[in-house]
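Next come the chains, spelled out residue by residue.
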Amino acid sequence: MAVIDILFPSPGLRVARIESEPFAEHSYVVAPVGAKKCLVIDPGFEPEAIIDWIRTEGLVPEAILLTHGHSDHIAGNEALRAEWPSLPILIGRGDAGKLIDPMGNLSGLFGLPLCSPPADRLLDHGERLTVAGVPLMTLEIPGHSSGHVVYRVEDCRPPVVFGGDVLFHEGIGRTDFPDGDFQALATGITTHLYTLPAETVILPGHGPTTTVGHELHSNPFVNRRGSQGNVV
Ligand SMILES: [Zn+2]
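The model shown is predicted, which means the values in this text are computed figures rather than measured ones.

1. With respect to the overall build of the protein
When you go through the protein residue by residue, the secondary structure sums to 5 helices and 17 strands. Taken over the C-alpha trace, the protein has a radius of gyration of 16 Å; the compact-globule value for 232 residues is 17 Å, and the two agree within 12%. Seen through its principal axes, the protein has C-alpha atoms that stretch 45 × 40 × 35 Å. The proportion of buried residues among the 232 residues of the protein is 55%. Partitioning the contacts of the protein with sequence separation of at least 6, the portion at a separation of at least 24 is 57%.

Spelled out as structure tokens, the structure:
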């Protein structure tokens, strides 16, 4: 049963976090406060809960943004597209192939192979886009998945990052998948996240919300003292 929480990570920004079974994956529906348009990040295995919430709130989705191509983050794409046929799917260039490859998106390994509709737009590192009135910067951070991107909301204080499976509350994404790379993940976190203001809010793909400042001091794997080895 999906669990929905409403978050206000920064003034003017309303976020519904929908946690889906069986991987406790977080999908996010994001909209400026008072707006009617929204965007959906990483629709997971319980898309009915996402669709119900969007319908109940009277919102209109403008795009699906994906942090990476693993099955627990893309499983809802097809259902959302059935509901809103013109809804575009955006993903980092390096992970687009996983949408249509059950072994690449790991669903084949779990015995429940699934595919998503293909991507409509591929995003590159440093690309800026505005979706549903929310200005975003795409940052590529490989290591958990080779084409993983995170989305930084521009022009808000505190800054907000939709981080997927890169940096968790006192954890990091697994790097033991075929295209995993601990060093790349640690370098990406240090270069692109730990250089953001300490109050920056990280909304991850699993687990509690955290901040850059908390992880810099308390993350056991990548912190201000450096990187301390892999997690599997
Ligand atoms: Zn993943």
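2. Observations regarding the pattern of salt bridges
Counted by the stated rule, this structure contains 12 salt bridges. Residue Lys 37 is joined to Glu 62 by a salt bridge in which the shortest nitrogen-to-oxygen separation is 3.3 Å. Placement of Lys 37 in strand 4 (residues 37–41) and of Glu 62 in strand 5 (residues 60–65) is noted, with a sequence separation of 25 residues between them. The exposure class assigned to Lys 37 is partly exposed, which follows from its relative accessible area of 46%. The class for Glu 62 is partly exposed, based on a relative accessible area of 30%. Its salt-bridge partner being Asp 124, residue Arg 93 comes within 2.7 Å of it at the nearest N-O pair. Of this pair, Arg 93 sits in the loop between strand 6 (89–92) and strand 7 (121–123) while Asp 124 is found in the loop between strand 7 and strand 8 (128–131), placing the two residues 31 residues apart along the sequence. Relative accessible area serves as the criterion here: at 46%, Arg 93 is assigned to the partly exposed category. Through salt bridges with shared partners, a single ionic network connects Asp 95, Lys 98 and Asp 179.

3. What to know about the coordination of the zinc ion
The coordination sphere of the zinc ion, as far as protein atoms go, consists of His 68 (NE2), His 70 (ND1), His 144 (NE2) and Asp 165 (OD), spread over 2.2 to 2.5 Å. All donors to the zinc ion come from one chain, and their sequence spacing reads H-x1-H-x73-H-x20-D. One end of the pair, His 68, is in the loop between strand 5 and helix 2 (71–74); the other, His 144, is in the loop between strand 9 (134–140) and strand 10 (149–153), and 76 residues separate them in sequence. In this structure, His 68 and His 144 share a single accessibility class: buried.

4. What about the side chain of Ser 20?
Positionally, Ser 20 belongs in strand 2 (residues 13–20). Once you skip the residues sitting within four places of it in the chain, Ser 20 turns out to touch Glu 25, Gly 44, Phe 45 and Glu 46.

5. As for the packing of aromatic side chains
The final tally for this structure, using the stated rule, is 3 aromatic pairs. One aromatic cluster is present, built from ring pairs that chain together Phe 23, Phe 45 and Phe 110.

6. Here's the deal with the pairing of strand 10
Within strand 10, 5 of the 5 residues are buried, leaving the element largely enclosed by the surrounding structure. In strand 10, alternate side chains face the same way, and those of Val 149, Tyr 151 and Val 153 on one face and Val 150 and Arg 152 on the other are all buried. As judged from the 5 bridges shared by strand 9 and strand 10, these two strands associate in the antiparallel manner. Opposite Met 137, over in strand 10, you have Arg 152 as the bridge partner.

7. Regarding the environment of Ile 141
The topology assignment puts Ile 141 in the loop between strand 9 and strand 10. Once residues within four sequence positions are removed from consideration, Ile 141 is found in contact with His 148, Val 149, Val 150, Val 166, Leu 185, Gly 188, Ile 189, His 192 and Leu 193.

Conventions we followed
Residues numbered from 1 in each chain as written. Predicted model: local features only at pLDDT ≥ 70, side-chain atom pairs only at ≥ 80, totals over all residues. Heavy atoms only, no water. Helix = DSSP H or I, 4+ residues; strand = E, 2+ residues; numbered from the N terminus. Rg over C-alpha atoms; globule rule 2.2 N^0.38 Å. Buried < 20%, exposed > 50% of the residue type's maximum accessible area, 1.4 Å probe, protein only. Contact = heavy atoms within 4.5 Å. Salt bridge = Lys/Arg side-chain N within 4 Å of Asp/Glu carboxyl O. Donors = N, O, S within 2.8 Å, 3.2 Å for Na, K, Ca; no water. Phe/Tyr/Trp six-rings, centres within 6.5 Å; stacked < 30°, edge-to-face > 60°. Pairing = 2+ DSSP bridges.

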